[in-house]
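Now for the letters of each chain:
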Amino acid sequence: MPRGRRIIINRKINDEKIDRLTSIDMEDVRKRRGAVERSLSLAIGSVMDAAQKTYERSRRSDAELRRAGILSIQDAYEFLRSKGMDISFRAFGGRIERRSVPSVKVGKKRYIPVQSLEDILSLGKDFYTIREAYELYKKYNSTINYRAFIGRVEKSSIPSLKIGTKRLIPRDTIDSLSHVARKYYSVSQAIKELHVKGVDIKRNAFERRLDRNRIPHVKIGGRRFIPRDVVDELVGKELALSKPK
């Protein structure tokens, strides 16, 4: 790379998906979720108490209890499936056993409040499980493995929220990270691309340019990313400078 000749790429990165990702306030998400859970807990408690008292008085059937707002395990499972949730009966039963899906025993059977099932469906619209998030993200970043992905979640470079016994990741986060994987290079990827295109630069030199804002980039979760078209422009300018006059 030619010395003594500076290449500066003046460009402001305006990217709505990056802005959305960096503006996620997980503390606010936690507070709002806490308010939902408190309200849900009161509503479920009320329904459960009423159902229990009704059953004790008249030994009502599943159909009558359903009208009161609680479903048998089989009916609850079919309710979720009818709403488009892809879950096996065994996995659903496991959630009940782990109490991540609240239930109550009425008579000799266990029942689940409809409000709880509706909350599960609502969460599915706003969050991914860690496995779901990873499977989506690796479509655009094939170099990451599951352990490394979990490591990023644990270090909070990928924001997450624990709800009940499960850790969930906001859908906006994964959608934006997938966008980054498609449209941006990490520092290592950028350097590799430069080398492939015939530009000889060491990592320290490249990172100094980033430090001095001579190469436009964004910072996400403590890591720096460079737009792919910026790297293409840098390659063109470096090769032009290196040509003999």
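Just so it is clear, the structure is predicted and the values come from calculations on it, not from any experiment. (Residues numbered from 1 in each chain as written. Predicted model: local features only at pLDDT ≥ 70, side-chain atom pairs only at ≥ 80, totals over all residues. Heavy atoms only, no water.)

Draft legend 1. Main features of the sheet that holds strand 5 (residues 161–163). An order of 4-6-5 is seen for the 3 strands of this open sheet, with the pairing classed as antiparallel. With one partner strand each, in any of the chains shown, strand 4 (127–129) and strand 5 form the two edges of the open sheet. Recorded for the sheet is a direction-independent mean angle of 45° between the axes of neighbouring strands. In terms of strand pairing, strand 5 meets strand 6 (residues 166–170) through 3 bridges, oriented antiparallel. Counted as the bridge partner of L161 is L168 from strand 6. Lying on the sheet, helix 7 (residues 130–137) is in contact with strand 4 and strand 6; it crosses strand 4 at an angle near 95°. (Pairing = 2+ DSSP bridges. Helix = DSSP H or I, 4+ residues; strand = E, 2+ residues; numbered from the N terminus. Axes fitted to C-alpha atoms, helices over the stretch in contact; angles between N-to-C directions. Contact = heavy atoms within 4.5 Å.)

Draft legend 2. Summary view of the packing of helix 10 (residues 187–196) against helix 11 (residues 203–211). One can describe the packing of helix 10 onto helix 11 by two numbers: an axis separation of 11 Å at closest approach and a directional angle of 120°. The two elements helix 10 and helix 11 meet at a crossing, and its hand is right-handed. Contacts between helix 10 and helix 11 pair V187, S188, A190, I191 and L194 from the former with R203, F206, E207 and L210 from the latter. Broken down by class, the residue content of the contact of helix 10 with helix 11 amounts to 6 nonpolar, 1 polar and 2 charged. (Left-handed = near helix turned anticlockwise from the far one by under 90°. Nonpolar A, V, L, I, M, F, W, Y, C, P; charged D, E, K, R; others polar.)

Draft legend 3. Just the sheet that holds strand 9 (residues 223–227), in detail. Taken in spatial order, the 3 strands make up an open sheet running 7-9-8, and their pairing is antiparallel. This sheet does not close on itself; its edge strands, each paired only once, are strand 7 (184–186) and strand 8 (218–220). Going across the sheet, the axis of each strand differs from the next one's by a mean of 40°, ignoring polarity. With 3 bridges connecting them, strand 8 and strand 9 associate as antiparallel partners. Within strand 9, the residue paired with I220 across the bridge is R223. Across the sheet, helix 9 (residues 171–183) touches strand 7, strand 8 and strand 9, and the angle it forms with strand 7 is around 85°. Relative to strand 7, helix 10 is tilted by about 100°, and along the sheet it contacts strand 7 and strand 9.

Draft legend 4. Representation of the nonpolar core. Membership of the largest hydrophobic core comes to 20 residues, with the highest contact counts inside it found for F149, I169, I174, L177 and I220. Among the elements of the structure, helix 1 (16–22), helix 7, helix 8 (146–154), helix 9 and strand 8 are those that each provide at least two residues to this core. With sequence-adjacent residues up to four places away left out, I174 is seen in contact with Y128, A133, L136, F149 and I169. Among the nonpolar cores identified, the runner-up in size contains 17 residues, and I7, V199, I201 and I226 belong to it. (Core = buried A, V, L, I, M, F, W, Y, C linked by side-chain atoms within 4.5 Å. Buried < 20%, exposed > 50% of the residue type's maximum accessible area, 1.4 Å probe, protein only.)

Draft legend 5. Looking closely at the environment of E207. Looking at the element boundaries, E207 is found in helix 11. For E207, a relative accessible area of 22% translates into the label partly exposed. Along the sequence, E207 and I191 sit 16 residues apart, while their C-alpha atoms lie 9.7 Å from each other. Leaving out residues up to four positions away in the same chain, E207 has contacts with V187 and R224.

Draft legend 6. Region of the structure containing helix 11. Those residues of helix 11 not exposed but buried are F206, R209 and L210. Looking down the long axis of helix 11, one finds its buried residues gathered within 100° of arc, a one-sided arrangement. Counted as exposed and oriented over 90 degrees from the buried face of helix 11: N204 and D211. The inward-facing, buried residues of helix 11 abut helix 10, strand 9 and helix 12 (228–242). (Arc of directions from axis to C-beta.)

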